[in-house]
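Each chain is listed here by its residues.
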Amino acid sequence: MLFRSDFVANVSHELRTPVAVIKGYGETLLDGALDESAERSRRFVEIMVSHAERLTNLINDILTLSKLEAKDASLALHPLDLCGTIRKAQMLMEDHARSKGIRIAIHCPDGMPRVLADQGQLEQVLLNLLDNAIKYTPDGGDVSICVEPSQGRLQISVSDTGIGIPSKDLPRIFERFYRVDEGRSREQGGTGLGLSIVKHIVQLHGGEISVTSEAGKGSVFTVTLPEA
Ligand code: ADP
């Protein structure tokens, strides 16, 4: 119960910021900026749009979490071709990666056993991890995904050569709304919910997630999922 009301308080706080920004710039425009300078007005509208995008991301992530938490949340588990699903996620993230000169490499050996997973949820896990790897890696860096079998399970590692995570923050990054650098996350359209969604989905599959990272060098997120 306490946890629930904490969550509502956090959500309200997170929603308030973009709404306040949109309202503030809207009022400034109406108060005269609109008539004074087209260039300035345009800049203000761009800021309003970027905060509206952040609001949309927040609302989508909150809906995703609430669906995952619903008592009747059920997964449509099927034997899936993991490498095919990874290639699809890579394709979806290609534009984002290319815009930063980042290459996404896939290491997925032939003849891999199938994974027992929900296709849509597995895609969400891969997209969130890839999105973070790209967001928190400076231009020209490398992102890779490796798959290997490990004791009746499949291990997926998403690695990047990015800014890394200080060791003091590592134990907390799967918590809702926890960010190492709030400003940086916001700038990138982050909600602070991506990793808690990933962890939730992985646990619903009976899998595990862990992370190793070194500030300034990069991060590796490792997910294990059951074989079909
Ligand atoms: P956000 O929307 O802020 O990215 P997440 O829940 O996805 O939220 O991640 C929580 C925090 O963990 C991020 O704000 C960032 O500080 C850190 N983080 C996640 N992935 C990475 C990564 N690949 N490299 C560096 N930091 C990361």
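Placed above this text is the structure.
The numbering scheme is per chain: residues are counted from 1 as the chain's sequence reads. Confidence filtering applies because this is a predicted model: local features only for residues at pLDDT of at least 70, side-chain atom pairs given and counted only at 80 or more, and all residues used for totals across whole chains, interfaces and linings. Processing note: side-chain calculations cover all non-hydrogen atoms of the structure and skip hydrogens and water entirely.

(A) Highlighting the state of the cysteines. Working definition: a disulfide is two cysteine sulfur atoms within 2.5 Å of each other. The final tally for this structure, using the stated rule, is 1 disulfide. Covalently, Cys83 is tied to Cys108 through a disulfide, its sulfur atoms 1.7 Å apart. One disulfide, between Cys83 and Cys108, carries an S-S torsion of -70° and so falls in the left-handed class. Residue Cys83 is found in helix H3 (residues 82-98), and its partner Cys108 is found in the loop between strand S2 (103-107) and strand S3 (115-118); the two are separated by 25 residues along the sequence. Judged on exposure class, the residue Cys83 and its partner Cys108 are both buried. In this structure Cys146 is not part of a disulfide, and its nearest cysteine sulfur, from Cys108, lies 9.0 Å away. Cys146 gets classed as partly exposed once you look at its relative accessible area, which sits at 27%. Strands here mean DSSP runs of E at least two residues long; helices mean DSSP runs of H or I at least four residues long; both are numbered from the N terminus. Only protein chains enter the calculation, and the probe is 1.4 Å; a residue is then buried if its accessible area is under 20% of its type maximum, exposed if over 50%, and partly exposed in between.

(B) Local environment of the side chain of Ser213. Mapped onto the secondary structure, Ser213 falls in strand S6 (residues 208-214). Whenever two N or O atoms come within 3.5 Å, that pair is a polar contact, provided that in protein one can donate a hydrogen and the other can accept it, and provided that, for residues adjacent in sequence, both atoms are side-chain atoms. Side-chain polar atoms of Ser213 contact the backbone nitrogen of Ile165, separated by 2.8 Å. A polar contact is formed between the side chain of Ser213 and the side chain of Ser219, at a distance of 2.9 Å. Whether two residues are in contact is decided by their heavy atoms: any pair within 4.5 Å suffices. Those residues in contact with Ser213 that lie beyond four places of it in its chain are Gly164, Ile165, Leu170, Gly218 and Ser219.

(C) How the structure looks around the pairing of S6. Going residue by residue along S6, you find Ile209, Val211 and Ser213 tucked away on one face and Glu208, Ser210, Thr212 and Glu214 left uncovered on the opposite face. In this analysis, strands are considered paired if DSSP registers two or more bridges between them. In this structure, S6 lies alongside strand S7 (residues 218-226), joined through 7 bridges in antiparallel fashion. Looking at the pairing, Thr212 lines up with Val220 of S7. The hairpin formed by S6 and S7 contains 3 residues between the paired strands, and Gly216 there has a positive phi angle of roughly 85°.

(D) Expanded view of the side chain of Lys135. When you line up the elements, Lys135 lands in helix H4 (residues 119-135). Residue Lys135 is classed as buried on the basis of its relative accessible area of 9%. Excluding its chain neighbours within four sequence positions, the residues that come into contact with Lys135 are His96, Lys100, Gln188 and Gly190.

(E) Broad picture of the sheet that holds strand S4 (residues 142-150). Sheet architecture is open: 5 strands sit in the order S2-S4-S5-S7-S6, paired in mixed fashion. Looking at which strands have only one partner, the edges of the open sheet turn out to be S2 and S6. Averaged over all neighbouring strand pairs, the angle between strand axes comes to 15°, with direction disregarded. In terms of strand pairing, S2 meets S4 through 5 bridges, oriented parallel. Angular values range over 0 to 180 degrees, each being the angle between N-to-C directions of two axes fitted as lines to C-alpha atoms, with helices fitted over their stretch in contact.

(F) Summary view of helix H2 (residues 38-69). Here a helix's expected span is defined as the number of its residues, less one, multiplied by 1.5 Å. Helix length check: H2 (32 residues) gives 46 Å between terminal C-alpha atoms against 46 Å at 1.5 Å per residue, within 8%. Inspection of H2 places Ser41, Phe44, Met48, His51, Arg54, Leu55, Leu58, Asp61, Ile62, Thr64, Leu65 and Leu68 among the buried residues, and these make up the whole buried set.

(G) Local environment of the site of the ligand. The immediate surroundings of the ligand are formed by 20 residues, with Tyr136, Ser185, Thr191, Gly192 and Leu195 found nearest. A distance of 2.7 Å is found between an oxygen atom of the ligand and a side-chain nitrogen or oxygen belonging to Tyr136. In the model, an oxygen atom of the ligand is placed 2.6 Å from a nitrogen or oxygen of the Ser185 side chain. The Shrake-Rupley method, run with a 1.4 Å probe sphere, supplies the accessible areas, and residue values consider only the shown protein chains as cover. Here the ligand loses 98% of its free accessible area of 530 Å² to cover by the protein chains. Mapped onto the shell around the ligand, the elements with two or more residues apiece are H4, helix H6 (194-204) and S7. The dominant element in the shell around the ligand, judged by the number of residues it contributes, is H4, at 3 residues. For each residue, the test is whether any non-hydrogen atom lies within 4 Å of the molecule or strand; if one does, the residue is near.

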